[in-house]
Amino acid sequence: MSPKKINSAIILMSLGLSLFLLNTGCFAKKIKAESVFFNNSIKEDATSAVLHRILDAGDKPISEIKFEKGTYHFYPDKGLEQFCYISNHNDVVIKTAFPIFNMKNLVIDGQGSTFIFHGKMIPFLIDMSQNITLKNLNIDWEIPFHSEGLVVSSDLKNRTFDLKISDAYPYEIRNEQLYFIKESYEHNLGQAILYDPERKAIAYDTESYTPLTLYHHLPKSEGVVKNSTNYKYKLDPIAPSQRVIGREFRLSVKEIEPGLIRIFNHGKKIPPVGKILVCKGEQHLNRLAPAIRLTGTYGFKATNVNIHHAGGMGVIAENSADLILDNVNVTPSHGRMVSTTADATHFVGCRGKVELKNCTFNNQLDDATNVHGTYQEVIDLLGENTIGVRMGHFQQQGFVIGKTNDTIGFVRLSKSFFPYDKLTIKSTKRFNSRYQIITFNEALPKNLEPGDLIENLSGYPEVLVENCNISRNRARGLLLSSPKETIIRNNFFSTEMEALLIPVESGHWYESGNGSNITVENNVFQDCNHSGYDRGVIRFVTDDDNENIAFNNIKIKGNTFNHFDNLVLEIANTNNLEFSNNTISLSKTFPKLFNQDCAIMVKSSKNIEFKNNTYKGEAPLILETEKDMPKLTFN
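Parameters at a glance
Residues numbered from 1 in each chain as written. Predicted model: local features only at pLDDT ≥ 70, side-chain atom pairs only at ≥ 80, totals over all residues. Heavy atoms only, no water. Pairing = 2+ DSSP bridges. Helix = DSSP H or I, 4+ residues; strand = E, 2+ residues; numbered from the N terminus. Axes fitted to C-alpha atoms, helices over the stretch in contact; angles between N-to-C directions. Phe/Tyr/Trp six-rings, centres within 6.5 Å; stacked < 30°, edge-to-face > 60°. Buried < 20%, exposed > 50% of the residue type's maximum accessible area, 1.4 Å probe, protein only. Lys NZ or Arg CZ within 6 Å of the ring centre and 35° of its normal. Salt bridge = Lys/Arg side-chain N within 4 Å of Asp/Glu carboxyl O. Polar contact = N/O pair within 3.5 Å; in protein donor to acceptor, adjacent residues only side chain to side chain. Contact = heavy atoms within 4.5 Å. Core = buried A, V, L, I, M, F, W, Y, C linked by side-chain atoms within 4.5 Å. Arc of directions from axis to C-beta.

Chemist: When you look at the sheet that holds strand β12 (residues 171-174) in this model, what are you seeing that I'm missing?
Modeler: Note on sheets: strands pair through backbone hydrogen bonds, and any given pair is parallel or antiparallel. Taking strand neighbours across the sheet as the criterion, the three strands line up as β12-β13-β14 in an open arrangement whose pairing is antiparallel. Edge positions in the open sheet fall to β12 and β14 (186-187), since each of these has one partner strand only. Sheet topology note: the β12/strand β13 (residues 177-181) ladder contains four bridges and is antiparallel. Residue pairing for β13: tyrosine 171 is matched across the bridge by phenylalanine 180.

Chemist: Mind showing me how you'd approach the sheet that holds strand β34 (residues 435-440) here?
Modeler: Spatially, β30-β31-β34-β33-β32-β35 is the arrangement adopted by the six strands of the closed barrel, whose pairing is antiparallel. Shown here is a sheet whose adjacent strand axes are inclined to one another by a mean of 45°, direction ignored. Pairing of strand β31 (residues 386-391) with β34 involves five bridges; the strand directions are antiparallel. Paired with arginine 390 across the two strands is tyrosine 435, which belongs to β34.

Chemist: What is the right way to look at the packing of aromatic side chains in this model?
Modeler: In this description, an aromatic ring pair is defined by two values, namely the gap between the centres and the angle between the planes. For the coordinates displayed, the defined rule picks out 27 aromatic pairs. Centre to centre, the rings of phenylalanine 67 and phenylalanine 115 are 4.8 Å apart; their planes meet at 70°, and the pair counts as edge-to-face. One end of the pair, phenylalanine 67, is in strand β2 (residues 62-67); the other, phenylalanine 115, is in strand β7 (residues 104-117), and 48 residues separate them in sequence. Note on phenylalanine 67: relative accessible area 0%, which makes it buried. The ring of tyrosine 215 carries arginine 247 above its face, with NZ or CZ at 3.7 Å from the centroid. Here the basic side chain of arginine 535 rests over the ring of tyrosine 533, its NZ or CZ set 4.2 Å away from the ring centre.

Chemist: I would appreciate a short explanation of the pattern of salt bridges in the present structure.
Modeler: For side chains bearing opposite charge, pairing can occur when the charged atoms are close. Applying the stated criterion to the full structure yields 23 salt bridges. A salt bridge links glutamate 81 to lysine 95; the shortest N-O distance between them is 3.9 Å. In this pair, glutamate 81 sits in strand β4 (residues 80-84) while lysine 95 sits in strand β5 (residues 92-96), placing the two residues 14 residues apart along the sequence. Between glutamate 498 and arginine 539 there is a salt bridge whose closest N-O contact spans 2.9 Å. Of this pair, glutamate 498 sits in the loop between β40 (492-494) and β41 (500-504) while arginine 539 sits in strand β45 (residues 538-542); the two residues are 41 residues apart in sequence, bridging distant segments of the chain. Judged by its relative accessible area of 18%, arginine 539 falls in the buried class.

Chemist: I keep staring at the side chain of arginine 535 and nothing clicks. Help me out?
Modeler: Of note, arginine 535 is situated in the loop between β44 (524-526) and β45. One polar contact links arginine 535 to glutamate 498, side chain to side chain, over a distance of 3.5 Å. Setting aside residues up to four positions removed in sequence, arginine 535 forms contacts with Met497, Glu498, Asn529, Leu567 and Glu570.

Chemist: In this structure, what is going on with the pairing of strand β20 (residues 260-264)? I would like to understand it.
Modeler: Regular strands place their side chains on alternate faces of the sheet. Looking at chain direction, strand β11 (residues 160-164) and β20 are connected through five bridges and run antiparallel. The partner of aspartate 162 across the bridge, within β20, is arginine 262. Here strand β19 (residues 252-257) runs beside β20; their pairing, made up of five bridges, is antiparallel. Pairing of lysine 254 across the sheet is with arginine 262, part of β20.

Chemist: Explain the nonpolar core to me, please; I cannot follow it from the model alone.
Modeler: Generally speaking, nonpolar side chains in soluble globular proteins are found buried as a group. Counting 114 residues, the largest nonpolar core has Phe98, Ile292 and Phe610 as its most contacted members. If one sorts the elements of this core by residue count, strand β9 (residues 130-141) sits on top with five residues. Counting 21 residues, the second-largest nonpolar core is a separate cluster that includes Phe161, Tyr169, Leu189 and Ile261.

Chemist: Is there a simple way to explain the side chain of glutamine 396 in this structure?
Modeler: Within the secondary structure, glutamine 396 sits in the loop between β31 and β32 (407-411). By relative accessible area, which is 1% here, glutamine 396 ends up buried.

Chemist: Help me understand helix α2 (residues 47-55), please; the structure alone is not making it clear to me.
Modeler: Along an α-helix, residues three or four apart share an orientation, since each turn contains 3.6 residues. Where α2 is concerned, the buried positions are Thr47, Val50, Leu51, Arg53 and Ile54. The buried residues of α2 all sit within an arc of 165° when viewed along its axis, so they share a single face. The elements touched by buried residues of α2 are β1 (34-38), β2, β3 (71-74), β4, β5 and β6 (98-101).

Chemist: What's the story with the pairing of strand β30 (residues 376-381) in this structure? I'm lost.
Modeler: Here β30 pairs with β31 via five bridges, running antiparallel. By the bridge assignment for β31, glutamine 376 is matched with methionine 391. Hairpin connection, β30 to β31: the antiparallel pair is bridged by four residues, and glycine 383 has positive phi, about 125°. In the sheet, β30 pairs with strand β35 (residues 453-456) via two bridges, with the strands oriented antiparallel. Residue glutamine 376 lies in a different strand from β35, and its bridge partner there is isoleucine 454.

Structure follows, in structure tokens:
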């Protein structure tokens, strides 16, 4: 063939190949993402319509989902079913109408709508996505996961009390036990606490009355010896399968008339008449439906979002980054005492930035937020660069500690709260919910021993909490375990336990992180710790008895502490803390519970400075230090 004919043939072949590629879509024009609009025609059960459109997003990309303003119901019957390991929750098979999986640059705008969910659903299940925005929306449940009853009478001689239960909380009695009936769910009187209906907040000194003494342990003569089985590997004694061994119900109940229940055999003080008893059932069974769950997601913003209820946390985020909550409000609806049945927000192994701005976190049954990593225990040395690790707490099963090239610290807490060595991850492999294999790019430390802990040093965020109202809730305000810069500014706190807890927690929840580089400024702390715990309003604490430094570079300045009791600040295991320009006064809102000897207690710490503070309280001593510490002066 002549060169001319060869060139012509090549041109024809190239043209044919180009046409073929165009026809097969290799050079097809990228499909433009569209805005999707739902109107009130789907309001009776919006699950199917919303779910099907989201599941079609692979072929028909979505940039925005808008709703005509209205009230939309979502039922689990037609929801997408998904098994989820969720940190600090039960591991559950859940249903959702909003599976936001592997999506980018999506805005969901409720335009002021209310979404009412039914039964065991996670409203927003967001996984491996980027730049997701949720705005102008109210989230609630038709039937809540908790129950309430008014204490209407008591018999101190016979140690009984009566609960008036409204039709909003249907119940039944089986074998002298009270069960509240929900949508595909029920719970007993476990994890009960008192609310004050006048203050619409946790009752003063509730710890004297609650939790209810639901169980007692069987005597050994019954043939049951707790944990008598010889286990080869470490046991989690608080796991559901273990905590029920060797116990039986202590409380019993009797219906006096429909809606009126008498409770017998309570071991603490009998609750006062007029208080509301709130309960949510057993701890290992009652966290199963958070409102917003994020995993592996980079870039999330929620603005003008009201979460009125959830059967767990309002927002739980794991291994995610750059999370902004602006005007996200966790508050109860329908006259209920309770909003979410666990934390308002919670962040595990997150990085980048976590910002909570202009938020209200009220009446939730746990903390306003908790920011931490996760300790995992080394149990196997599997070669020069590979280890086997165990997840400690049953509600953190399935959590993967990090990704490729993350920096892992090796910690032996008996020696130090800081890593003695650092390696980077090459790969992780999860064999089951508790056991994982981690291979590193480098050789293992020569002094590594089984029993040491690991933490992900890459998995901590910078934190900002600003202009928030954190009050009326059970438990703490903020738990802060991040070594990155943390700013707590211009907030109002009135919490049942500590307003700020900066911990090292390695023996129960296995929550890692050292609070460092924290600034607490221009906040108001009003009558915190009013439920019956003898603790500081701000507290630095470790769960080991050693005196090693755990917390660094703390500034507490320009704050107002208006407190009913004496103790305001507990400092332990801390280096370089400045307490300046703060005002401490006695509120007299409640009677003193403990009338402590001092307002500030310091131990196992160094480089602590007090300057330009004003004290107007009644403590015999303003400042108390351990005997072996240098004398400190309160100024």
